Amino acid sequence: MQDALLVLETSCAQSSAAAWGGKELLCRVEWRAERNHSSAIFEAVRQALDALEGRCLKEIVVGSGPGAYGGIRVALAVADGLSLVHGSRVAAFSSWNGLGIHDGKACVMSDARRGGWTWGRLENGILAAAPEVLPAEQARARMAECLENGVPVYSTETAETLAAREMTGGVPVYPHAEALGVAWQSLAAGRREELLEGPAEPLYVRAPHITCAKRPAWAVKA
């Protein structure tokens with residue numbers, strides 16, 4: 001019986017899981033997570049595992065973002081737990097590879113909060129380099145430049161969010177576990193091995209915002 005692949009994508013509120021036996025798609029599950037990633041993911045994973053029907057779960061791929069770090073961390077924790085039980089290998093793979101985009105060249109953007117926008121470039125649907133964070137005005141200028149040159153711009157934000165931020169011209173999309181799994185399987189074997197050997201962690205687009213304590217941790221409040 002062929003080895004199996006499980007893919008988890010939880011970087012957005014619209015989350016999903018998919019499972020393959022060899023090249024055959026065995027299961028795809030979607031759920032609207034909102035703030036309930038930790039409770040909603042388990043039933044989806046159970047459905048995916050049931051669809052394996054005894055196949056060996058060889059690899060687990062988790063969408064690493066950019067996106068909701070909370071959802072990504074939950075999926076990585078689930079993958080780590082499954083790997084202990086099934087002896088699976090775990091890889092983090094950018095969620096933007098699972099947008100189902102087939103343009104030769106395209107750009108993707110998302111709201112990075114704190115006035116910034118995460119910006120990435122895709123080639124044949126695969127993220128070509130690490131995303132960067134741009135100030136809003138620079139992101140708008142780059143979007144206009146891309147559209148003027150015929151390069152489509154996609155965004156994982158809703159149409160309402162884009163309109164509210166005056167980001168006109170972006171096409172809303174969201175990543176899906178099925179598309180992410182297809183992209184994973186299309187990679188060269190050497191590249192997959194490289195990702196499987198690397199740390200399975202979220203894709204951090206910038207250093208975390210840390211607030212310094214008003215007093216040392218050892219100090220006693222009067």
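Details of the structure are given in the entry above.
The model shown is predicted, which means the values in this text are computed figures rather than measured ones. (Residues numbered from 1 in each chain as written. Predicted model: local features only at pLDDT ≥ 70, side-chain atom pairs only at ≥ 80, totals over all residues. Heavy atoms only, no water.)

1. A short note on the side chain of D111
Link 1 in the chain: Topologically, D111 is positioned in strand β6 (residues 105-113).
Link 2 in the chain: At 2.8 Å, the side chain of D111 and the backbone nitrogen of R113 are in polar contact.
Link 3 in the chain: Side-chain polar atoms of D111 contact the side chain of R165, separated by 3.5 Å.
Link 4 in the chain: Filtering out sequence-adjacent residues up to four positions away, D111 remains in contact with G116, W117, E157 and R165. (Helix = DSSP H or I, 4+ residues; strand = E, 2+ residues; numbered from the N terminus. Polar contact = N/O pair within 3.5 Å; in protein donor to acceptor, adjacent residues only side chain to side chain. Contact = heavy atoms within 4.5 Å.)

2. Let's talk about helix α2 (residues 69-86)
Link 1 in the chain: When the terminal C-alpha atoms of α2 are compared, their 25 Å separation across 18 residues agrees well with the 26 Å that a helix rising 1.5 Å per residue should span.
Link 2 in the chain: Looking at α2, one finds that the buried residues are G71, I72, A75, L76, V78, A79, L82 and S83. Across the axial projection of α2, the buried residues extend over an arc of 160°, all falling on one side. With respect to the buried face of α2, the exposed residues turned more than 90 degrees away are L84 and V85. (Expected span 1.5 Å × (residues − 1). Buried < 20%, exposed > 50% of the residue type's maximum accessible area, 1.4 Å probe, protein only. Arc of directions from axis to C-beta.)

3. What to know about the nonpolar core
Link 1 in the chain: By size, the foremost hydrophobic cluster in this structure holds 26 residues, and its most contacted members are L6, L8 and I60.
Link 2 in the chain: Of all the secondary-structure elements, those providing two or more residues to this core are β1 (4-9), β2 (14-21), β3 (24-32), α1 (37-52), β4 (57-63) and α2.
Link 3 in the chain: Apart from residues no more than four positions distant in its own chain, L8 is found in contact with S16, A17, I41, V45, V61, V62, G63, A75, V78 and L180.
Link 4 in the chain: If you look at the next biggest cluster of nonpolar residues, it comprises 14 residues, including W20, V61, L180 and W184. (Core = buried A, V, L, I, M, F, W, Y, C linked by side-chain atoms within 4.5 Å.)

4. Let's talk about the pairing of strand β7 (residues 116-123)
Residues in a regular strand point their side chains to alternate faces of the sheet.
Link 1 in the chain: With 6 of its 8 residues buried, β7 lies for the most part within the structure.
Link 2 in the chain: What sits between β6 and β7 in their antiparallel hairpin is a turn of 2 residues, with R114 showing a positive phi close to 50°.
Link 3 in the chain: Strand direction decides the pairing type here: β7 and strand β9 (residues 132-135), joined by 4 bridges, are antiparallel. In the sheet register, G116 faces β9, and the bridge partner there is P135. (Pairing = 2+ DSSP bridges.)

5. Points about the pattern of salt bridges
Link 1 in the chain: Counted according to the given criterion, the structure contains 10 salt bridges.
Link 2 in the chain: Put simply, R165 and D111 hold a salt bridge, and the shortest N to O gap is 3.5 Å. Of this pair, R165 sits in the loop between α4 (159-164) and β11 (171-172) while D111 sits in strand β6, placing them 54 residues apart in sequence.
Link 3 in the chain: Looking at R165, the relative accessible area reads 35%, which means it is partly exposed.
Link 4 in the chain: Where salt bridges share partners, they join R28, E30 and E178 into one cluster. (Salt bridge = Lys/Arg side-chain N within 4 Å of Asp/Glu carboxyl O.)

6. Observations concerning unusual backbone geometry
Link 1 in the chain: With an omega of 5°, the peptide bond between G65 and P66 qualifies as cis.
Link 2 in the chain: Tracing the backbone through its elements, the reader meets P66 in the loop between β4 and α2.
Link 3 in the chain: The phi dihedral of E53 is positive, around 50°, even though this residue is not glycine.
Link 4 in the chain: Relative to the helices and strands, E53 is located in the loop between α1 and β4.
Link 5 in the chain: The phi angle at E166 is positive, at roughly 60°, despite the residue not being glycine.

7. Thoughts on the packing of aromatic side chains
To describe a pair of aromatic rings, one takes the distance between the centres and the angle between the planes.
Link 1 in the chain: Scanning the model with the defined rule gives 2 aromatic pairs in all.
Link 2 in the chain: Between the aromatic rings of Y69 and Y204, the centroid separation amounts to 5.2 Å while the plane-to-plane angle is 45°, which identifies the pairing as tilted. Residue Y69 is found in helix α2, and its partner Y204 is found in the segment after α6 (189-197); the two are separated by 135 residues along the sequence.
Link 3 in the chain: On the basis of relative accessibility, which here comes to 25%, the residue Y69 falls in the partly exposed class. (Phe/Tyr/Trp six-rings, centres within 6.5 Å; stacked < 30°, edge-to-face > 60°.)

8. Some thoughts on the environment of Q138
Link 1 in the chain: Among the structural elements, Q138 can be located in helix α3 (residues 136-148).
Link 2 in the chain: Separated by 22 residues in sequence, Q138 and G116 have C-alpha atoms that sit 9.3 Å apart.

9. Description of the pairing of strand β5 (residues 89-93)
Link 1 in the chain: In terms of burial, β5 is a largely internal element, 4 of the 5 residues being buried.
Link 2 in the chain: Relative to β5, β4 runs parallel, the two sharing 5 bridges. Bridge assignment links G63 to a residue of β5, and that residue is F93.
Link 3 in the chain: Handedness of the crossover joining β4 and β5 through α2 is recorded here as right-handed. (Right-handed = clockwise from strand over helix to strand, strands pointing away.)

So far we have only geometry, and geometry alone does not tell us how the molecule works.
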